[in-house]
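# A structural walkthrough
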Amino acid sequence: MKENPLNSAILLLGSNIDPEKNIFFALDLLGQVKRKSRIWKTESFGAKGPDFLNMAVEIETIFDTQELKESVITCIEKTLVRIRTENKNAPRTIDVDIMLFNGNVIDHDIWEKAFAAIPVSELMPDLVNPITGEALSSFAEKMKSSARAELFQSDWPIWIIKIPTVLRRGKY
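Here goes a summary of the coordinates provided. These figures come from a predicted structure and were not determined experimentally. (Residues numbered from 1 in each chain as written. Predicted model: local features only at pLDDT ≥ 70, side-chain atom pairs only at ≥ 80, totals over all residues. Heavy atoms only, no water.)

## Regarding the overall build of the chain
Quick note on the threshold: Numbering of helices and strands starts at the N terminus; helices are DSSP runs of H or I of at least 4 residues and strands are runs of E of at least 2. Classification of residues uses two cut-offs on accessible area relative to the type maximum, computed with a 1.4 Å probe and protein chains only: under 20% is buried, over 50% is exposed, and between them is partly exposed. Throughout, a contact is declared for two residues whenever any of their heavy atoms are within 4.5 Å. The method behind every accessible area is Shrake-Rupley, applied with a 1.4 Å probe, and residues are considered shielded solely by the protein chains displayed.
A tally of helices and strands in the chain yields 4 helices and 7 strands. Sorting the 172 residues of the chain into buried and exposed places 45% on the buried side. Within the chain, counting contacts between residues at least 6 apart in sequence, those at least 24 apart form 67% of the total. Of the roughly 9,900 Å² that the chain leaves accessible, carbon and sulfur atoms contribute 52%.

Set out below in structure tokens:
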């Protein structure tokens, strides 16, 4: 019997409703991650609202991109009560996006927006923009100085943050 090969995915987690809690909850719901960036605080994009916390994580999965969205991402967003509105940039409890899949860029926000470029660059600093030839790390450094982005420092020790048992009922 042939085993399914593992795919590599870089996901971007973002939240601006109880972001400290929801970023950690989403991270816990993902389970084992291969690597993770630091957490960055950035201005709300596209709509007025509180600042966002953003973090990139690398996972390995047997799923393709569509299955990953349907089986994992949608479940995390539903568990953390993500409410979608007509305004796709409205405040949210959690947003999980696939940025890269098996080294291929899926979401081109990494070349345009600080909230995506900065955390993803910590995991993929040598990723090169095929149009400009610029490395993601170089682009992210420029974004840090032109956008209001700062490292997030939590007052909560990580071991205190536990997901209530009621949130663990769903199987995904």
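Structure shown, so let's carry the discussion forward.
## A short note on unusual backbone geometry
One can expect most non-glycine residues to show negative phi and most peptide bonds to be in trans. Phi angles above zero are rare outside glycine, and asparagine 102 is one such case at about 50 degrees. Mapping asparagine 102 onto the fold places it in the loop between β5 (95–101) and β6 (104–105).

## Concerning the pattern of salt bridges
Stated formally: Take a side-chain nitrogen of Lys or Arg and a carboxyl oxygen of Asp or Glu: if they are within 4 Å of each other, that pair is a salt bridge.
Within this structure, the stated rule accounts for 7 salt bridges. A salt bridge links lysine 142 to glutamate 134, with the shortest nitrogen-to-oxygen separation between them at 2.7 Å. Among the residues examined, glutamate 134 registers a relative accessible area of 18% and is labelled buried. In this structure, glutamate 141 engages lysine 144 in a salt bridge whose closest nitrogen and oxygen atoms are separated by 2.8 Å. Of this pair, glutamate 141 and lysine 144 both sit in helix α4 (residues 136–146), separated by 3 residues, roughly a single helical turn. Each of Asp109, Glu112 and Lys113 takes part in one network of salt bridges that share partners.

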